[in-house]
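# Tertiary structure, described
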Amino acid sequence: MKLISEPSLTYDDVLLVPQPSSLISRKEASLATKFCEFTLQVPIINAPMDSICSKELYNALIVSGCLPCSNRFCAPAEQASDIASVTGPGKPVIATVGTNYTDLEARIDAILTKVPMQKLWLIDIANGYSKVIEKPIKYLRSIMTDCCIIAGNVCTVEGYAYLAGLGVDAVRCGLGSGALCSTRIKTGVGMGQFTAIMSIDKYRMTQGLLSNTPYIIADGGIKTSGDIVKALAAGADMVMIGRLFAGCTECPSSMKVNTPDGPKTIYRGQASRAFMDAHNISKDKAPEGEATLVACNGSVKDVISQLAQGIQSGMSYIGAKSIMELREKAVFRTVSPSTYIEGLPKK
């Protein structure tokens, strides 16, 4: 047994310290981000959750300069068709697969039939620091040597290094920080998301040039644009978002319900009992997530616009014209619970 006494921090535990700024307008701050062979205008990916994913959402994200990620909990042919309907030159979509080998092969075959040049692949597993993920990575690499493989989730330097050693191009970082995730409560396992991102990026910097190490995708814990600024400043290349897209008009129509309080959208964790029941997953498996109803909150375009403006404003306070400059200039300070409360709007 070993005890690490240094606290594990979340985004709410820190604030960025303002720095001298020469920016006249927040619009001078560029959010352009290179990811594999693509350049995105906004460093945001949607979580591959069945309660938010649709081809309408994928298309809206592409139009907004973000990177869509497909849902794998549907028939392989349906997933392939959805990807094919929005992908094209300069319009990348992440194809998501799991670790079940039979389903993996069927899904890859279906997608490559519809999109022969599919470049971006996510191997979706709750615990990426596991031997289970080795075979899918090797299989993908054997049939597409130049594809970009994303794997995860992990929350430690050791987990990131393990996946880097397997030759992946990007790593999803975060464990138990999702809005509806109860993994930390059910299992006692996890890591504060800010500490996870910062420690993994520190390790990455010791390994040489950033281009020689996997990209970091901060997955979970994002509640506001301010959290995105903190994640990027701490070392994330991209952030993955689920909750903030829940309730958007582009969410699946099957998730929309009428209630006495008006129209709502079902938002459920991928390990929730509601999700398991919908996909006939054995009740012998204990759920590690919850489900809820959220109010409709407009279009994806509007959500992305508000988030992007908030990120640019945060960068202007740091005097950063690019995300790389934000990372270089960032100075964080831990805050007390009272400081966090002080920063909340009062009515």
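Residues numbered from 1 in each chain as written. Predicted model: local features only at pLDDT ≥ 70, side-chain atom pairs only at ≥ 80, totals over all residues. Heavy atoms only, no water.

## Focus on the sheet that holds strand β11 (residues 256–259)
The criterion, for reference: We call two strands paired when DSSP finds no fewer than two bridges between them. By the criteria applied, helices consist of DSSP H or I runs no shorter than four residues and strands consist of E runs no shorter than two, each listed in order from the N terminus. Throughout, an axis means a line fitted to C-alpha atoms (over the contacting stretch in the case of helices), and angles, computed between N-to-C directions, take values from 0 to 180 degrees.
The antiparallel open sheet is built from 3 strands, whose spatial order is β11-β12-β13. Looking at strand neighbours, the two that pair on one side only are β11 and β13 (291–295), the edges of this open sheet. Across the sheet, the axes of successive neighbouring strands diverge by a mean angle of 40°, strand direction being ignored. In the sheet, strand β12 (residues 262–268) pairs with β13 via 5 bridges, with the strands oriented antiparallel. When the bridges of β13 are listed, I266 appears paired with L293.

## Let's talk about the state of the cysteines
As a reminder, the rule being used: Cysteine sulfur pairs qualify as disulfides if the two atoms are within 2.5 Å. The rule is simple: take the accessible area with a 1.4 Å probe, protein chains only, and divide by the maximum for that residue type; under 20% is buried, over 50% is exposed, in between is partly exposed.
Scanning the model with the defined rule gives 1 disulfide in all. A sulfur-sulfur distance of 2.0 Å marks the disulfide that ties C36 to C148. Of this pair, C36 sits in the loop between β2 (33–35) and β3 (38–40) while C148 sits in strand β7 (residues 148–154), placing them 112 residues apart in sequence. Taking the relative accessible area as the measure of exposure, C36 reaches 13% and is therefore buried. Relative accessible area serves as the criterion here: at 6%, C148 is assigned to the buried category. There is no disulfide at C147, and the cysteine sulfur nearest it, in C148, is 7.4 Å away. For C147, a relative accessible area of 4% puts it in the buried group. Cysteine C181 is unpaired, with the sulfur of C155 as its nearest cysteine sulfur at 11 Å.

Read these as geometric descriptors, not functional statements.
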